[in-house]
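Analysis of the macromolecular model
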Amino acid sequence: MDARFLGIPELAEVPSTAVVVDVMRAFTVAAWAFGRRAERIVLAGSLEEALALKARHPDWVALKDGPPAPGFDAVNSPGLLRSADLGGRTVVQKTTAGTVGALAVKDASLVLCAGFVVAEATARLLRARGCDEVTFVVTGEDGRAEEDLACAQYIAGRAAGAGTDAAGFLRRAEESRAAAELREGVREGAHPDDVALCLELDRFPFAMVASVEDSLMTLRPYAVPPAAAAPPS
């Protein structure tokens, strides 16, 4: 597999297959939302769009980075979301990096959103689809976020069929700037367990596939058994 690792500003063309990685915390939060039985996640392009969607659909759950804010139901923290009852509901998510990265590649044939919590399922889906060329979008710090790069490289190795040991990749993420900021309380809207939850390898058995539905970039879980066929393009 030919893997490229690019930051959002480096995306000069639409890739055929994109894996958008945001470990701390957008796509860890997304996975937890699905774990709490959310039906789908709409990725908003701005805070204003998220609030407008919430206004049109009061039963939807809107969440954002940072501290709580009027109009939003939750913040972008797995530790704070893990006890929520989201059964059958739509979540609207707007974050600083993760949702921006997914929207930047919305025209790709296949868009996956990932973190360590869904790493193996993501790699399994890439193998099932026979993806020969994959662009990993390293969303944090304009492509320099160590936790996102480590996760992307780990998934790439697993997708290529290598017996990749996760320990070193998880250690890089644990020692990253983002992890330090979360532990030190620099980032608002956080829970003390957020770092540990973001580093919980393969916590969930599904990949997360994003596609445009009714003009909205929409994320859904997709379970891929080891020998299962992939979803249609």
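This report concerns the structure included in the present document. The model shown is predicted, which means the values in this text are computed figures rather than measured ones.

Before going further, it helps to spend a moment on the packing of aromatic side chains. What the rule picks out here adds up to six aromatic pairs. Consider the rings of W32 and F204, whose centres lie 5.1 Å apart with planes at 90°: the pair is edge-to-face. Residue W32 is located in helix α1 (residues 26-35), and its partner F204 is located in the loop between α9 (194-198) and β9 (206-213); the two are separated by 172 residues in the primary sequence. When sorted by exposure, W32 lands in the same class as F204, which is buried. Within the aromatic cluster, the residues linked to one another by ring pairs are W32, F34, F204 and F206. The ring of F204 carries R203 above its face, with NZ or CZ at 5.0 Å from the centroid.

Further remarks concern the pairing of β9. When strand β7 (residues 110-114) meets β9, the two strands line up antiparallel, connected through three bridges. Directly across from V111, in β9, lies its bridge partner A210. Relative to strand β10 (residues 216-223), β9 runs antiparallel, the two sharing eight bridges. Paired with S211 across the bridge in β10 is T218. The antiparallel pairing of β9 with β10 creates a hairpin that spans two residues between the two strands, and D214 there sits at a positive phi of about 50°.

Rolled over the atoms, a probe sized like a water molecule indicates the empty space that remains. In this structure, the largest pocket encloses a volume near 350 Å³. Around the largest pocket, the lining comprises 20 residues; the ones closest to its centre are M24, D65, T96, A97 and R187. Across the lining of the largest pocket, the residue classes tally to four nonpolar, seven polar and nine charged.

On the basis of which strands lie adjacent, the open sheet formed by 10 strands has the order β1-β8-β2-β7-β9-β10-β3-β6-β4-β5 and mixed pairing. Looking at the sheet topology across the chains shown, the edges are occupied by β1 (2-7) and β5 (74-75). Relative to strand β6 (residues 90-94), strand β4 (residues 61-64) is paired through four bridges, and the arrangement is parallel. Looking at the pairing, V61 lines up with V91 of β6. In the packing of α1 onto the sheet, contacts are made with β2 (17-21), β3 (40-43), β4, β6, β7, β9 and β10, and the angle to β9 comes to roughly 95°. On the sheet, helix α2 (residues 47-56) packs against β3, β4, β6 and β10 and is oriented at approximately 165° with respect to β6.

Two elements in contact, helix α6 (residues 146-159) and helix α7 (residues 167-174), have axes separated by 7 Å at closest approach and are oriented at 165°. Judged on the interaxial angle alone, α7 and α6 are roughly antiparallel. Viewed along their axes, α6 and α7 form a crossing whose handedness is left-handed. Residue-level inspection shows E146, E147, L149, A150, Q153 and Y154 of α6 in contact with α7, the latter providing F169, R172 and A173. Of the residues assigned to the contact of α6 with α7, the class counts are five nonpolar, one polar and three charged.

Next up on the list: the nonpolar core. Grouped together as the largest cluster of nonpolar side chains are 73 residues, with contacts concentrated most on M24, F116, L126, F136 and M208. Take this core: its biggest share by element is eight residues, from α1. Sequence-distant contacts of L126, defined by excluding residues within four places in its chain, comprise T17, V19, L112, C131, V134, F136, I155 and A159. V42, A44, L53 and F72 belong to the second-largest nonpolar core, a separate cluster that totals nine residues.

Comment: phi is negative for the bulk of residues other than glycine, and the bulk of peptide bonds are trans. In this model, M24 is joined to R25 through a cis peptide bond whose omega is 20°. The topology assignment puts R25 in the loop between β2 and α1. Its identity as a non-glycine residue notwithstanding, R37 has a phi of 75°, on the positive side. You can see R37 is positioned in the loop between α1 and β3. According to the relative accessible area criterion, R37 is exposed, its value standing at 53%. Its identity as a non-glycine residue notwithstanding, D142 has a phi of 55°, on the positive side. Checked against the element boundaries, D142 lands in the loop between β8 (133-138) and α6. The exposure class assigned to D142 is partly exposed, which follows from its relative accessible area of 48%.

Thresholds, definitions, all that
Residues numbered from 1 in each chain as written. Predicted model: local features only at pLDDT ≥ 70, side-chain atom pairs only at ≥ 80, totals over all residues. Heavy atoms only, no water. Phe/Tyr/Trp six-rings, centres within 6.5 Å; stacked < 30°, edge-to-face > 60°. Helix = DSSP H or I, 4+ residues; strand = E, 2+ residues; numbered from the N terminus. Buried < 20%, exposed > 50% of the residue type's maximum accessible area, 1.4 Å probe, protein only. Lys NZ or Arg CZ within 6 Å of the ring centre and 35° of its normal. Pairing = 2+ DSSP bridges. 1 Å grid on protein atoms, 1.4 Å probe; cavity = no way out; pocket = protein on both sides within 12 Å on 5 of 7 lines; lining within 4 Å. Points joined across faces, edges and corners; volume = space filled by probe spheres on them. Nonpolar A, V, L, I, M, F, W, Y, C, P; charged D, E, K, R; others polar. Contact = heavy atoms within 4.5 Å. Axes fitted to C-alpha atoms, helices over the stretch in contact; angles between N-to-C directions. Parallel < 35°, antiparallel > 145°, perpendicular 65-115°, else oblique. Left-handed = near helix turned anticlockwise from the far one by under 90°. Core = buried A, V, L, I, M, F, W, Y, C linked by side-chain atoms within 4.5 Å.

Read these as geometric descriptors, not functional statements.
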